[in-house]
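These are the residues of each chain, in order.
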Amino acid sequence: MNKRKLIGRCAVVSSLALLTACGGGGGGGGGGGDNAETTLSLDSSGYASKKIEISPSTNVNNVNQLSTDINDAFGLLGDLHESLWDQSGGQSGTTNCDGGGTANVTYAGKDWNVDESWEFNDCVVSTYGHGDVLLSGTFRYVDTLTGGTATSESWKGYESYNINGELKNSGEPLQVKGRSDWNQLFSWQNDTASGRFVDTIEAFEMKVGNRYIALTNTETRLEGTEFDLQYSMGGTLIGSGIKGHVQISTPTPVSISVNETCPTEGIIRISSDGSAEVRYGSSAAGTAGAVAVWIDGQIVESYADCNGVGFAPIL
């Protein structure tokens, strides 16, 4: 299994954690289906149609839980990727899983292109961080070289999931469903590397026990050189941690420099029933030295540096 990509390119966890520290976010709220057009088959509680309250006085524990659930979910997928890569051996056919059951694996890629299809049949995979995991269903990974010159290359690909299973250590049922697509450009000239990474998700959802997270209609973009980058994102996050959904956007892309500990500019906006903004660098001018948090048009926190809050896009 190629390890170049794994799903979870949602670069808002740090922003949610910052809002948690500053008192923004919470549970409850009324209806309002901002993303009702997206079908989510695992959302049995209808979280996609429920807004949450965002105000200076709301409880912050739920937003913190969403951050934790997102990190845990993508950590589990990464753990599974590593384990499947270790046991597959790159050969098509039926393989015995290391903890029982089988997986039918097809490798259809050619040259640099990758096309892997996995069909799990009560396959028990031993993972480093999550113990034995039982898998049934399908997974596919495709990564295709779409163009290349002496100084550049471009790639398009996707990974799709339709998996049911169980975490054997805890007995928690596991469900993963959805697809993530990417479009990448790498170039190098005069000893400087640059690139553009665009990841899109129409719908992805994951349920572990009674914890549920989903991403819908998201686009995450990171572009620039190895020294200076711009990051932007738009889309909807849904979860049992907040018992509803929030929409994420970057009205001003976040500028990141390797020589700076904090973004030099940028705004990350989180909205639902109310809205909050994390403003970095020059975008916080006049209200903070480095980072300012605004909720419903009012500043609630300001920071002179990024030592306590930071910014770490996850791709």
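Summary of the structure given here. Within any chain, residue numbers begin from 1 and follow the written order of that chain's sequence. Where local features are concerned, this predicted model is filtered to residues with pLDDT of at least 70; where side-chain atom pairs are given and counted, the filter is 80 or more; whole-chain, interface and lining totals use all residues. Where side-chain values are given, they derive from all heavy atoms of the structure, hydrogens and water being excluded.

Another aspect to go through is the packing of aromatic side chains. Note on aromatic pairs: the rings of Phe, Tyr and Trp (six-membered ring only in Trp) are paired at centre separations within 6.5 Å, and the planes decide the class, stacked below 30 degrees, edge-to-face beyond 60, tilted for the rest. Tallied over the entire structure, the rule returns 6 aromatic pairs. Measuring from centroid to centroid gives 4.8 Å for Phe-139 and Tyr-161, while their planes differ by 55 degrees, and the two rings are tilted. Placement of Phe-139 in strand β4 (residues 131–149) and of Tyr-161 in strand β5 (residues 152–167) is noted, with a sequence separation of 22 residues between them. Classification of Tyr-161 by relative accessible area gives buried; the value is 6%. An aromatic cluster of at least three residues, connected via ring pairs, comprises Phe-139, Tyr-161 and Phe-204. The ring of Tyr-158 carries the charged tip of Arg-179 above its face, separated from the ring centre by 3.7 Å. Here, a charge over a ring means that NZ of Lys or CZ of Arg falls within 6 Å of the ring centre while also lying within 35 degrees of the ring normal. Here Arg-279 stacks its cationic end above the ring of Trp-294, 4.2 Å away from the centre of that ring. Only DSSP runs of H or I with at least four residues qualify as helices, and only runs of E with at least two residues qualify as strands; both kinds are numbered from the N terminus onward. Here the term buried applies to any residue with accessible area under 20% of the maximum for its type, exposed to any over 50%, and partly exposed to those in between, with areas from a 1.4 Å probe on protein chains only.

Here, the term disulfide refers to a pair of cysteine sulfur atoms separated by no more than 2.5 Å. This structure, assessed with the given rule, holds 1 disulfide. Residue Cys-97 pairs covalently with Cys-123 via a disulfide, S to S 2.0 Å. Between Cys-97 and Cys-123 the sulfur-sulfur dihedral comes to about -110 degrees; the bridge is accordingly left-handed. One end of the pair, Cys-97, is in the loop between β1 (93–96) and β2 (102–107); the other, Cys-123, is in strand β3 (residues 114–127), and 26 residues separate them in sequence. Using a relative accessible area of 7% as the deciding quantity, one classes Cys-97 as buried.

On to the nonpolar core, then. Grouped together as the largest cluster of nonpolar side chains are 53 residues, with contacts concentrated most on Phe-120, Phe-204, Met-206 and Ile-213. With 8 residues, the single largest contributor to this core is helix α2 (residues 61–88). We define the nonpolar core as a collection of buried residues of types Ala, Val, Leu, Ile, Met, Phe, Trp, Tyr and Cys that are connected through side-chain atoms lying within 4.5 Å of one another. Core analysis: the next-biggest nonpolar cluster, separate from the first, contains 8 residues, Tyr-47, Ala-48, Ala-214 and Ile-238 among them.

Here we come to unusual backbone geometry. Phi is positive for Asp-122, which is not a glycine, with a value near 45 degrees. Note on placement: Asp-122 falls in strand β3. Located in the positive-phi region is Asp-191, a residue other than glycine, with phi close to 65 degrees. Considering the arrangement of structural elements, one finds Asp-191 in the loop between β6 (172–189) and β7 (192–208).

What follows covers the pattern of salt bridges. By definition, a salt bridge exists where a carboxyl oxygen of Asp or Glu is found within 4 Å of a side-chain nitrogen of Lys or Arg. The final tally for this structure, using the stated rule, is 9 salt bridges. Between Arg-211 and Asp-72 there is a salt bridge; the shortest N-O distance is 3.8 Å. Remark: Asp-72 occurs in helix α2 and Arg-211 occurs in strand β8 (residues 211–225); sequence separation between them is 139 residues. Assessed through its relative accessible area of 28%, Arg-211 is described here as partly exposed. Linking Glu-277 and Arg-279 is a salt bridge whose minimum nitrogen-to-oxygen distance equals 2.9 Å. With relative accessibility at 15%, the residue Glu-277 sits in the buried group. Linked through salt bridges whose partners overlap, the residues forming this network are Asp-72, Glu-172 and Arg-211.

What follows covers the pairing of β7. The pairing criterion is simple: DSSP has to find at least two bridges between the two strands. Examined bridge by bridge, β6 and β7 share 14 bridges and lie antiparallel to one another. The partner of Asn-183 across the bridge, within β7, is Val-198. The hairpin turn running from β6 into β7, its antiparallel successor, is 2 residues long, and Asn-190 in that turn takes a positive phi close to 55 degrees. Where β7 and β8 come together, 14 bridges link them in antiparallel fashion. Paired with Ile-201 across the two strands is Thr-218, which belongs to β8. Counting the residues between successive antiparallel strands, the hairpin from β7 to β8 contains 2 residues, one of them, Gly-209, with a positive phi of roughly 65 degrees.

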